[in-house]
Amino acid sequence: MTKTERDKPWLFRTYAGHSTAAKSNALYKKNLSKGQTGLSIAFDLPTQTGYDSDHELARGEVGKVGVPVSHLGDMRTLLDGIPLDQMNTSMTINATAAWLLALYAAFADEQGAARGKLTGTIQNDIIKEYLSRGTYVFPPEPSLRLIKDTIVFSTREMPKWNPTNVCSYHLQEAGATPVQELAYALATALAVLDTVKKSGEVPAAEFGNVVGRVSFFVNAGLRFVTEICKMRAFVELWDEITSTRYGVTDAKNRLFRYGVQVNSLGLTEPQPENNVYRILIEMLAVTLSKKARARAVQLPAWNEALGLPRPWDQQWSLRMQQILAYETDLLEYGDIFDGSKEMERKVAALKEQAKAELETIEKLGGAVASIDYMKRRLVESNTERLRGIETGDQIVVGVNKWTETEPSPLVAGEGAIMVVDPAVEAEQIEKLKAWRAARDAKAVAKAMADLETAATEGRNIMESSIACAKAGVTTGEWGGALRRIFGEYRAPTGVAQAAVQREGAGLDETRAQVDALSKKLGRRVKFLVGKPGLDGHSNGAEQIAVRARDVGMEVVYEGIRLTPSQIVRAALDEAVHVVGLSILSGSHVPLVREVMDRMRAEGLGDVPVVVGGIIPPEDAVKLKAFGVAAVYTPKDFQLNDIMADIVRLVAGETKAA
């Protein structure tokens, strides 16, 4: 291979944000000083779902999985001292993407940064939220309208900005196969572009520029040869689609531009030090092939299956990128896979299968009309993935094979993971109250009225949203106004439609136990699976619900985003025998405490409660002190064993009664 001029490296990012805007700002500045070249902002769940920090559903969630941004003042603090016209900023935000973009633009105006110079990305992909991540708010039609508004605004005002970032990352986290990841992401992109084109708000001569600003955010797993081929297939399919479907003639606008965070689903709680190797191998999948190389890379930390990573853990992942980019000769050569028959064969197969799946989606009416279908398929794929791990067909080192281990010095002692101070929530709420009290109420009312008029009349909401930001409107007020106009949405769970598992290791034995207990109880064992709070990562809850159904239990699962009172009311109304709570956002202590208190108040103290999530050992002790019967974490991958535990718990409660 002939040596060429050395390429520029991709953007180095670290997905970060926690506690408060001030603490996140300090973290960003520290990471930038270490060689990070772009920001990747993580927002907390209330911000992602359009609530203020003092809303009932925000309880326990403030500052946990990201930074709370309730108004322009928070955005000022978050980005203080960072010149926006010189920074490439990625914001992982979807349902409220238009609002966070408005806050960003408003602060850029204050800084004197020309909108035309702003570079970065808002994720702004609502369909994958319905399918996998759960931070949706509005129904599909108005949600696509909001995405269209941001695209039209950005095309005119912020031409260097990527106003939508089609995200297949969370599809793979939900169990998607490479073919499903290809097809569902491309179907989403088509739905967005078709919506923009149908609106007629972008002149035909400029539509190629709209296509050119669509970016993608992908995942890369451990089967890295397949993942390299997947990325090459993405590049070729996107070039073909944009040329044939949309008539884009400028090759630059047909480029498949993507950022990546490698797979977090495969990070293990047992022997977590092995995750360093997993992350490195996965990074190679999106960097080795020059023609399909990522434009930006952010890597998870080795200990994210245990809890929030510390700055040192994030630094370790950043150094991994820098070593590959600057110490190796990777960027000195052309594409090292050109001419490989194996690569060509695999890429062709993936493209053929992805096109067939796209045809199915098109026949169903497109991505929006296919949400139920795609969700069911993802649940089934994830079930197959977990079954392979349970049976040992899919080896996970340190989890289902070679589990013997030496104690790890990396996870020993105090401070092994970062914990958000519980006082942060109260502090944020007090600042929010002070913000509301200090602003001009008349200016807020006028800005809100203009926003509601624009939303109702179908006008682009971006300028009125920016005016709201400058007037001091809060995230919850903006979200509340659009909820009143557009309504709210409950996405399908995919559980009821997923194929029933008829046989498998341990199923028959557990089914017999469930049948025997049901006969003793006089009715079928009934299991309520609940997700309290705003955590939308429902993959684990869905798999528990599917397996409970498959072993013969009657399952009550109503999806995500329930208050503790709603869960307890459902337990009472459904007369369930056991309650399972799934929480992955780190808010398990306050939410479980409230559920347990409410259950005792309703006379349900004898109903056993089990909890699953990313729960440190010291928190598991706290939960059991509240009365929780069992705690399960990612190391507990044998779902049949969990089902057998639940049968024993219900049987024990029956005997005690």
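This structure is a prediction, so every number in the text was calculated from the model and none was measured. (Residues numbered from 1 in each chain as written. Predicted model: local features only at pLDDT ≥ 70, side-chain atom pairs only at ≥ 80, totals over all residues. Heavy atoms only, no water.)

Q: What should I look at first to understand the sheet that holds strand 5 (residues 119–122) in this one?
A: Consider a sheet: its strands pair through backbone hydrogen bonds, and that pairing is either parallel or antiparallel. Taken in spatial order, the 5 strands make up an open sheet running 2-3-4-5-6, and their pairing is parallel. In this open sheet, the two edge strands, each paired with only one partner strand, are strand 2 (15–16) and strand 6 (161–162). As paired strands, strand 2 and strand 3 (residues 39–42) are joined by 2 bridges and run parallel to one another. Across the sheet, residue A16 finds its bridge partner in strand 3, namely I41. (Pairing = 2+ DSSP bridges. Helix = DSSP H or I, 4+ residues; strand = E, 2+ residues; numbered from the N terminus.)

Q: Help me out: how do you make sense of helix 14 (residues 371–391) in this one?
A: Along an α-helix, residues three or four positions apart point the same way, because every turn accommodates 3.6 residues. For helix 14, spanning 21 residues, the distance from its first C-alpha to its last is 30 Å, which sits close to the expected 30 Å at 1.5 Å a residue. The positive-phi residue at the C-terminal boundary of helix 14 is G392, with phi of around 90°. (Expected span 1.5 Å × (residues − 1).)

Q: Quick question: what am I supposed to make of the packing of helix 11 (residues 275–285) against helix 12 (residues 311–326) here?
A: When two helices pack together, their arrangement is captured by the angle between the axes and the distance separating the axes. Where helix 11 meets helix 12, the closest approach of the two axes is 11 Å, and the angle between their N-to-C directions is 40°. Judged by the angle between their axes, helix 11 and helix 12 are oblique. The way helix 11 lies across helix 12 gives a crossing that is right-handed. Here V276, I279, L280, M283 and L284 of helix 11 lie close against helix 12, whose contacting residues are W316, M320, Q321 and L324. In terms of residue class, the contact of helix 11 with helix 12 is made up of 8 nonpolar, 1 polar and no charged. (Axes fitted to C-alpha atoms, helices over the stretch in contact; angles between N-to-C directions. Parallel < 35°, antiparallel > 145°, perpendicular 65-115°, else oblique. Left-handed = near helix turned anticlockwise from the far one by under 90°. Contact = heavy atoms within 4.5 Å. Nonpolar A, V, L, I, M, F, W, Y, C, P; charged D, E, K, R; others polar.)

Q: Looking at this structure, how should I read the pairing of strand 9 (residues 258–261)?
A: If a strand is regular, its side chains alternate between the two faces of the sheet. Burial along strand 9 is two-sided: the residues Y258 and V260 and G259 and Q261 are all buried. Both strand 8 (residues 214–218) and strand 9 contribute to a ladder of 3 bridges, which runs parallel. By the bridge assignment for strand 9, F216 is matched with Y258. Viewed along the sheet, the connection from strand 8 through helix 10 (residues 224–244) into strand 9 turns out right-handed. Pairing between strand 9 and strand 10 (residues 296–298): 3 bridges, direction parallel. By the bridge assignment for strand 10, G259 is matched with A296. Read as a crossover between parallel neighbours, the route from strand 9 over helix 11 to strand 10 is right-handed. (Buried < 20%, exposed > 50% of the residue type's maximum accessible area, 1.4 Å probe, protein only. Right-handed = clockwise from strand over helix to strand, strands pointing away.)

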